[in-house]
Amino acid sequence: MPGRRIGIIRLTSLGDVIHTLPVAAAIRDGDPAAKIVWFAEEREQTFLRGNPVVDEVITVPLRRWRQQLASPSGLRRTVLELRELLRRLRLDPIDVAIDVQGWPHKTSPIVRATRAPIRIGFDRRNARHPLATLFTTHQVAPPPEAGHIVEKNLALLGPIGLGRVGTPRFPLPSFADADERAAAWLAEARFAREGGPAAQLVALLPSTRGRAKLWPASNYRELARQLLADPAVLVVILGGPGEEPLLEEVRSGLPESRAVVCAPGPIPELVGVIRRAQLAVGNDTGPLHVAAAIGVPSLGLFGPTRGARNGPYGAHCAYIQSPTGRMLDIPVHQVVAAVRQLRGIEVR
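Described below are features of the structure shown in this document. As the structure is a prediction and not an experimental result, all values here were calculated from the model. Sequence order as written defines the numbering, with residues in each chain counted from 1. Local features in a predicted model are, by the rule used here, given only for residues with pLDDT of at least 70; side-chain atom pairs are given and counted only at 80 or more, and totals for whole chains, interfaces and linings are based on all residues. Values reported for side chains reflect all heavy atoms of the structure, with hydrogen atoms and water molecules removed beforehand.

So, the nonpolar core
The set of buried Ala, Val, Leu, Ile, Met, Phe, Trp, Tyr and Cys residues whose side-chain atoms join them within 4.5 Å is what this entry labels a nonpolar core. The rule is simple: take the accessible area with a 1.4 Å probe, protein chains only, and divide by the maximum for that residue type; under 20% is buried, over 50% is exposed, in between is partly exposed. Ile27, Trp38, Phe47, Ile98, Leu157 and Leu238 are the most contacted members of the largest nonpolar core, which totals 61 residues. Top element by residues in this core is helix α1 (residues 14–30). It accounts for nine residues. Here, two residues are considered to be in contact whenever any of their heavy atoms come within 4.5 Å of each other. Aside from chain neighbours lying at most four places away, what touches leucine 157 is Val23, Ala26, Ile27, Ile98, Leu162 and Gly163. Formed by 29 residues, the second largest nonpolar core is a distinct cluster that contains Trp215, Ala224, Leu228 and Val335. Each helix is a run of H or I in the DSSP string that is no shorter than four residues. Each strand is a run of E no shorter than two, and both are numbered from the N terminus.

Set out below in structure tokens:
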């Protein structure tokens, strides 16, 4: 007898998708017969297609749909794609819909469109917007001890009998080809020594969406300078396409043989580089949460967002919260001390 089709509605963003992966993993572990269907934006599917805990991905390209509305042809295409989505949901109905995101103008219509008899979301106090509760049949209040968003998300499984979860798992696709390209790039950059990789490869992640969440480039540069005082340390300054000016600003004045910039286009290649790091330090950004999910010791720097709720997750991770909410007010010496404690890197 086929298992129930459980839909996870978490459209964006990369970091939030990472923080929702334990929900899919817990369903797979607790209900192996279930078919896990994930609704996501186009970019976020990178971590979902080929993922061992996701059986099916349904694309909901809201970003592209909004852009297409600017032209008559784009409007027609959007209408056709929307009709196809609704047809697909009629042919393969969802038994349980879990709205992790809770946005009335984004995810709630999808939850309603599934017509699932069981539709789960957060209660009014915990939902992203209280109106989202109008579209769910079960509203969940996470327990008080659930401080991190990973733990809050897992509480959504209570109504389907999967409320008790052990250590959260963060499965990712293998990205084998991209992993090989990342290894080749690091070798070309002379980041591979005789007998194996560098003793301590530190990944700095200085970019993020929103200027208020940026720790100054000059601070990252000073952090790198102090880390490089240890001859065993090499630094890779990571970001995405278009972020090269910021990455180069961080690298300015650092020894080129031991501090390099990397801005790979495909996300899997970024993951491949991070996978080879022994430590990651970054702002509140998707790649930082990728590092934590892979098991790389990760230090998050937080200002306007709360590290206790949104920081890198796991016993191998830590965060620093600005006392004022301004990233500028996180001092370099505090970050250096946290790095030393997290990884045992000798800094001077």
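Still to come is the rest of the account.
Structural notes on the side chain of aspartate 284
For aspartate 284, the position within the fold is in the loop between β12 (279–282) and α10 (286–294). Among the polar contacts listed, one links the side chain of aspartate 284 to the side chain of threonine 305, at a separation of 3.0 Å. If we ignore the near neighbours within four places in the chain, the residues touching aspartate 284 are Thr208, Lys213, His289, Leu301, Phe302, Thr305 and Asn310. Definition of a polar contact: a pair of N or O atoms within 3.5 Å, with one able to donate and the other able to accept a hydrogen when the atoms are protein atoms, and with sequence-neighbouring residues admitted only if both atoms are side-chain atoms.

What to know about the sheet that holds strand β11 (residues 259–262)
Backbone hydrogen bonds hold the strands of a sheet together, and the pairing may be parallel or antiparallel. Think of it this way: DSSP has to see at least two bridges between two strands before they count as a pair. Taken together, the six strands give an open sheet; going across it, the order is β11-β10-β9-β12-β13-β14, and neighbouring strands pair in parallel fashion. Two strands bound the open sheet, and with one partner strand each, they are β11 and β14 (317–321). Ignoring which end each strand starts from, the neighbouring axes of this sheet average 20° apart. Note: strand β13 (residues 298–302) against β14, five bridges, orientation parallel. Looking at β14, one finds that leucine 299 is bridged to alanine 318. The convention used is that axes are lines fitted to C-alpha atoms, helices contributing only their stretch in contact, and that angles between N-to-C directions extend from 0 to 180 degrees. Sitting on the sheet, α10 touches β9 (200–205), β12, β13 and β14, and the angle it makes with β13 is about 150°.

Topic: the pairing of strand β5 (residues 118–122)
Within β5, four of the five residues are buried, which leaves the element mostly enclosed by the surrounding structure. In this sheet, β5 lies alongside strand β4 (residues 96–99) in parallel orientation, the contact comprising three bridges. By the bridge assignment for β5, alanine 97 is matched with arginine 119. Crossovers are described as right-handed under a simple rule: with the strands pointing away from the observer, the path leading from the first strand over the helix to the second runs clockwise. Running through helix α4 (residues 108–114), the crossover from β4 to the neighbouring parallel element β5 is right-handed. The pairing of β5 with strand β6 (residues 138–140) spans three bridges and is parallel. Counterpart to glycine 121 in the pairing with β6 is glutamine 139.

What to know about unusual backbone geometry
That bond from threonine 12 to serine 13 is cis: its omega, -15°, falls within 30 degrees of zero. For serine 13, the location among the structural elements is in the loop between β1 (5–9) and α1. Although it is not a glycine, arginine 115 sits at a positive phi angle of roughly 55°. In this structure, arginine 115 sits in the loop between α4 and β5. Residue arginine 115 is classed as exposed on the basis of its relative accessible area, which comes to 55%. A positive phi angle, close to 50°, is found at phenylalanine 175, a residue other than glycine. Along the chain, phenylalanine 175 falls in the loop between α5 (149–155) and α6 (176–188).

Describing helix α9 (residues 267–275)
α9 sits mainly inside the fold: eight of its nine residues count as buried. Of the surrounding elements, those touching the buried residues of α9 are α1, α6, β10 (233–238), β11 and α10.

Some points on the pattern of salt bridges
Only one rule defines a salt bridge in this text: a Lys or Arg side-chain nitrogen within 4 Å of an Asp or Glu carboxyl oxygen. In total, this model carries 20 salt bridges according to the counting rule given. For glutamate 81, the salt bridge is made with arginine 77, and the minimal N-O distance between the two is 3.2 Å. Here arginine 77 and glutamate 81 lie together in helix α3 (residues 72–91), a separation of four residues that amounts to about one turn. Take glutamate 81: its relative accessible area is 23%, and that puts it in the partly exposed class.

Observations regarding the sheet that holds β4
Reading across the sheet, the six strands line up as β3-β2-β1-β4-β5-β6 and stay open at both edges, with parallel pairing between neighbours. Looking at which strands have only one partner, the edges of the open sheet turn out to be β3 (56–59) and β6. Strand-to-strand twist across the sheet, computed as the mean angle between neighbouring axes with direction ignored, equals 20°. Of the strand pairs in this sheet, β1 and strand β2 (residues 35–40) are connected by five bridges, and their pairing is parallel. Each residue of the ladder has a partner; that of glycine 7, found in β2, is valine 37. Against the sheet, α1 touches β1, β2 and β4, its axis set at about 165° to β2. Sheet contacts for α3: β2 and β3; angle to β3, the most-contacted strand, approximately 145°.

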